[in-house]
Amino acid sequence: LLSLLGARDAAYVYHLPTVRAAATALNGLTAVDRVHYAVKANWHPDLLRTLNASGIAMECVSLAELEHVLRLLPDIDAGRILFTPNFAPRAEYARAFELGVSVTIDNLHALQQWPELFADRQVLVRVDTGTGRGHHQHVRTAGTYAKFGVPADELAELARLARAAGARIFGLHAHTGSGIFDIQNWAHTARTLAQ
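Figured I'd write up the structure that's included with this text.

Rules used in this analysis
- Residues numbered from 1 in each chain as written.
- Predicted model: local features only at pLDDT ≥ 70, side-chain atom pairs only at ≥ 80, totals over all residues.
- Heavy atoms only, no water.
- Buried < 20%, exposed > 50% of the residue type's maximum accessible area, 1.4 Å probe, protein only.
- Helix = DSSP H or I, 4+ residues; strand = E, 2+ residues; numbered from the N terminus.
- Arc of directions from axis to C-beta.
- Polar contact = N/O pair within 3.5 Å; in protein donor to acceptor, adjacent residues only side chain to side chain.
- Contact = heavy atoms within 4.5 Å.
- Salt bridge = Lys/Arg side-chain N within 4 Å of Asp/Glu carboxyl O.
- Axes fitted to C-alpha atoms, helices over the stretch in contact; angles between N-to-C directions.
- Left-handed = near helix turned anticlockwise from the far one by under 90°.
- Parallel < 35°, antiparallel > 145°, perpendicular 65-115°, else oblique.
- Pairing = 2+ DSSP bridges.

1. Side note on helix H3 (residues 45–53)
Each turn of an α-helix holds 3.6 residues, which means side chains three or four residues apart point in the same direction.
Phase 1: By the burial criterion, the buried members of H3 are Leu47, Leu48, Thr50 and Leu51. Seen from one end, H3 has its buried residues packed into an arc of 160 degrees, which puts them on one side.
Phase 2: Count one or two residues on from H3 and you reach Gly55, which has phi positive near 90 degrees.

Laid out in structure tokens, this is it:
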């Protein structure tokens, strides 16, 4: 590996059999219906092809990621792609609906400003669970000062706006942070979403 590095200072090395083994293990979890890979982590073509072939669905946070996945995996079922933008512009929501992927709303603004865009659409809602975790404050994506998800005290208004727009909420999404190894985080998230 060092000789292949040449004059470069650093490189990422992936062992695709290990990636396939991890995908198989994740897909074997009986408590999980579907596993999504966060494309933002690494969108290298070989990695995405390997994960897709292993039955892993894709999660995209931007239109660029979404279009990259669809270009790279032209036969992927659009229903296996989750689009989870953060305060995306109208055009990105419209394009995601046009492409037939599952779309997540993470704020009231989208439904307040473009209700017609969500008419007769199914959407997921990203919920701010009120508690962010992770090894550093910059990786905590829920709780005070977080910009991701609809806070609990705004959920009733979001539901009202969705009904008024004619949108149907078919799922909930939450992400509290990165690098979390405390099982209590997942238990808290599950309880919050269940409530």
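2. Overview of the side chain of Asn42
Phase 1: Inspection of the secondary structure assignment puts Asn42 in the loop between strand E1 (36–38) and H3.
Phase 2: Overall, the relative accessible area of 17% leaves Asn42 in the buried class.
Phase 3: Within the structure, Asn42 has its side chain in polar contact with the side chain of Tyr14 (distance 3.1 Å).
Phase 4: The residues touching Asn42, leaving out its near neighbours within four places in the chain, are Tyr14, Tyr37, Leu47 and Leu48.

3. Topic: the pattern of salt bridges
Phase 1: Per the counting criterion, the structure on display carries 5 salt bridges.
Phase 2: For Glu116, the salt bridge is made with Arg90, and the minimal N-O distance between the two is 3.1 Å. Residue Glu116 is located in the loop between helix H6 (108–113) and strand E5 (122–128), and its partner Arg90 is located in helix H5 (residues 90–99); the two are separated by 26 residues in the primary sequence.
Phase 3: In this structure Arg90 comes out as partly exposed when scored by relative accessible area, which is 33%.

4. Regarding the packing of helix H2 (residues 16–27) against H3
Phase 1: At their nearest, the axes of H2 and H3 sit 9 Å apart, and the two run at 35 degrees to each other. For the pair H2 and H3, the crossing hand works out as right-handed. Contact residues: Leu16, Val19, Arg20 and Ala23 in H2; Asp46, Leu47, Thr50 and Leu51 in H3.

5. Let's talk about the packing of H3 against helix H4 (residues 63–72)
Phase 1: Between H3 and H4, the least distance of the axes is 11 Å, while the angle of their chain directions is 70 degrees. Our classification of the angle between H3 and H4 gives roughly perpendicular. The residues of H4 that touch H3, namely those facing Pro45, Leu48 and Arg49, are His68, Val69 and Leu72.

6. Examining the pairing of E5
Phase 1: In terms of burial, E5 is largely enclosed, as 6 of its 7 residues are buried.
Phase 2: By the bridge criterion, 3 bridges tie strand E4 (residues 102–105) to E5 in an arrangement that is parallel. For Thr104, the partnering residue across the bridge sits in E5 and is Leu124.
Phase 3: As paired strands, E5 and strand E7 (residues 168–173) are joined by 5 bridges and run parallel to one another. In the sheet register, Val123 faces E7, and the bridge partner there is Ile169.
Phase 4: In this structure, E5 lies alongside strand E6 (residues 150–151), joined through 2 bridges in parallel fashion. Across the sheet, Asp128 pairs through a bridge with Pro151, a residue of E6.

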